[in-house]
Amino acid sequence: MKPSPKVLAGNWKMFKTRAETRNFFETVGDQIRASSVRKIAAPSPTLLDTALQASASTGIEIFAQNVAWAESGAFTGETSAAQLLDLGVKGAIIGHSERRQYFGETDASAVKRALFALSQGLHVIFCFGEKIEERQSGKTQAVIREQLAPVVAQILPQLNSTQLATQAFMLAYEPVWAIGTGLVATPDQVREAHGFIASLIGSTPLPILYGGSVKADNFGGLASLPHVHGGLVGGASLEAKSYLQLHEVLDKATPAQL
Ligand code: PGA
């Protein structure tokens, strides 16, 4: 059996200046560098270069929060995979619910971005999850099935053995009602959703992260559930102290095997 992946990914959204970014990595220093947790931070485009330089000794990988589905061209406001790779960026978050809610991202466009990013050598954290009205009307599994159908049909067959071995493609289940609201999903809700997701992806060994109001005090319980391999964390990943606490919790947790 392969070593269990543990992934802590910080989504910094539209926060931080360059000075705050440097300060974060200086505070983290090299204290978690050698841990078995895969450590990721995803800052805004203007901070990527600073983050790459400042993170060198921390062991934290730098991801973007989005990436275009085209190689280059007339796509105002977008950033290409080549531009990210040129900086040294490792991967990108794709399909975050805030991209879907405010900027017109769809399942189809997110899959298009992910396919292109993977083909160019970027790693991908692919986000999906139901809205509150969908959960309340009993449609959670139907929504997850619909969001993951093109992932299962188009992305999984494209993953090569190196991409699987390096965990280049990760899923992040983020119930929309739990993001930034303080309303973390209960362990039972997460267990049920992640079990369902695992059944949809079958035998493909993908890390499945949970996201939505993760904090150091609720992370341990969630990270030890079956089919949960870590977290995609917004608010609680912003301060170095809090990132380190999340890391400590995950480091001690016994996550599911892949
Ligand atoms: P939150 O955000 O941890 O602040 O709820 C999670 C996310 O948006 O990925």
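Everything in this summary refers to the structure shown in the same document.

Conventions adopted
- Residues numbered from 1 in each chain as written.
- Predicted model: local features only at pLDDT ≥ 70, side-chain atom pairs only at ≥ 80, totals over all residues.
- Heavy atoms only, no water.
- Salt bridge = Lys/Arg side-chain N within 4 Å of Asp/Glu carboxyl O.
- Helix = DSSP H or I, 4+ residues; strand = E, 2+ residues; numbered from the N terminus.
- Buried < 20%, exposed > 50% of the residue type's maximum accessible area, 1.4 Å probe, protein only.
- Pairing = 2+ DSSP bridges.
- Contact = heavy atoms within 4.5 Å.
- Axes fitted to C-alpha atoms, helices over the stretch in contact; angles between N-to-C directions.
- Parallel < 35°, antiparallel > 145°, perpendicular 65-115°, else oblique.
- Left-handed = near helix turned anticlockwise from the far one by under 90°.
- Nonpolar A, V, L, I, M, F, W, Y, C, P; charged D, E, K, R; others polar.
- 1 Å grid on protein atoms, 1.4 Å probe; cavity = no way out; pocket = protein on both sides within 12 Å on 5 of 7 lines; lining within 4 Å.
- Points joined across faces, edges and corners; volume = space filled by probe spheres on them.
- Phe/Tyr/Trp six-rings, centres within 6.5 Å; stacked < 30°, edge-to-face > 60°.
- Lys NZ or Arg CZ within 6 Å of the ring centre and 35° of its normal.

## Observations concerning the pattern of salt bridges
Between side chains of opposite charge, a pair can form as their charged atoms come close.
Alright, step 1. For the structure shown, the criterion picks out eight salt bridges.
Alright, step 2. Across the pair Lys252 and Glu248 runs a salt bridge whose closest N-O atoms are separated by 2.9 Å. Of this pair, Lys252 and Glu248 both sit in helix H11 (residues 240-252), four residues apart, which is roughly one turn of the helix.
Alright, step 3. Several salt bridges share partner residues, and in doing so they unite Glu78, Glu105 and Arg113 into one network.

## Topic: the pairing of strand E8 (residues 230-233)
Alright, step 1. Of the two faces of E8, the one carrying Gly230 and Leu232 and the one carrying Gly231 and Val233 are both buried.
Alright, step 2. Bridge analysis of strand E7 (residues 208-211) against E8 gives three bridges, and the strand direction is parallel. In the strand pairing of E8, Gly211 is matched with Leu232.

## Quick notes on the environment of Gly234
Alright, step 1. With respect to the helices, strands and loops of the structure, Gly234 is situated in the loop between E8 and H11.
Alright, step 2. For Gly234, a relative accessible area of 17% puts it in the buried group.
Alright, step 3. For the pair Gly234 and Gly10, spaced 224 residues apart in the sequence, the C-alpha separation amounts to 5.9 Å.
Alright, step 4. In contact with Gly234, not counting residues within four places along its chain, are Asn11 and Lys13.

## Quick notes on the environment of Val143
Alright, step 1. By the secondary structure assignment, Val143 is in helix H7 (residues 140-155).
Alright, step 2. In the structure, Val143 is positioned 118 residues away from Phe25 in sequence and 38 Å away in space, judged by C-alpha atoms.
Alright, step 3. In contact with Val143, not counting residues within four places along its chain, are Gly129, Glu130 and Glu134.

## Things to note about the packing of helix H5 (residues 107-120) against H7
Alright, step 1. Packing of H5 against H7 leaves a shortest axis separation of 10 Å and a crossing angle of 30°. On the basis of their axis angle, the class for H5 and H7 is roughly parallel. Relative to H7, the crossing made by H5 is right-handed. Each of Asp107, Val111, Ala114, Leu115 and Leu118 in H5 lies in contact with H7, whose residues at this interface are Glu146, Gln147, Pro150, Val151, Gln154 and Ile155.
Alright, step 2. Here the residues of the contact of H5 with H7 are counted per class, giving seven nonpolar, two polar and two charged.

## Things to note about the layout of surface pockets
In this approach a probe as big as a water molecule rolls over the atoms, and the regions it shows empty are the leftover space.
Alright, step 1. Taken as a whole, the largest pocket encloses approximately 560 Å³ of empty space.
Alright, step 2. Considering the residues around the largest pocket, the lining is formed by 22 residues, among which Lys13, Met14, Gln65, Arg99 and Phe103 are closest to the centre.
Alright, step 3. At three residues, helix H4 (residues 97-103) tops the list of elements feeding residues into the lining of the largest pocket.
Alright, step 4. When its residues are assigned to classes, the lining of the largest pocket shows eleven nonpolar, seven polar and four charged.
Alright, step 5. Taken as a whole, the second largest pocket holds about 310 Å³ of empty space.

## Regarding the packing of aromatic side chains
Alright, step 1. Scanning all chains against the criterion turns up nine aromatic pairs.
Alright, step 2. Judged by centre distance (4.6 Å) and plane angle (70°), the rings of Trp12 and Phe24 are edge-to-face. In this pair, Trp12 sits in the loop between strand E1 (7-11) and helix H1 (18-28) while Phe24 sits in helix H1, placing the two residues twelve residues apart along the sequence.
Alright, step 3. For Trp12, a relative accessible area of 0% puts it in the buried group.
Alright, step 4. Ring centres of Phe24 and Tyr243 lie 5.4 Å apart, and the angle between their planes is 85°; on these two criteria the pair is classed as edge-to-face. Taken together, the positions of Phe24 in helix H1 and Tyr243 in helix H11 put the pair 219 residues apart, joining distant regions of the chain. Exposure class is identical for Phe24 and Tyr243. Each is buried.
Alright, step 5. Sitting over the ring of Trp12, Lys16 keeps its end group 4.7 Å from the ring centre.
Alright, step 6. When the ring centre of Trp69 is taken as reference, the NZ or CZ atom of Lys112 above it lies at 3.7 Å.

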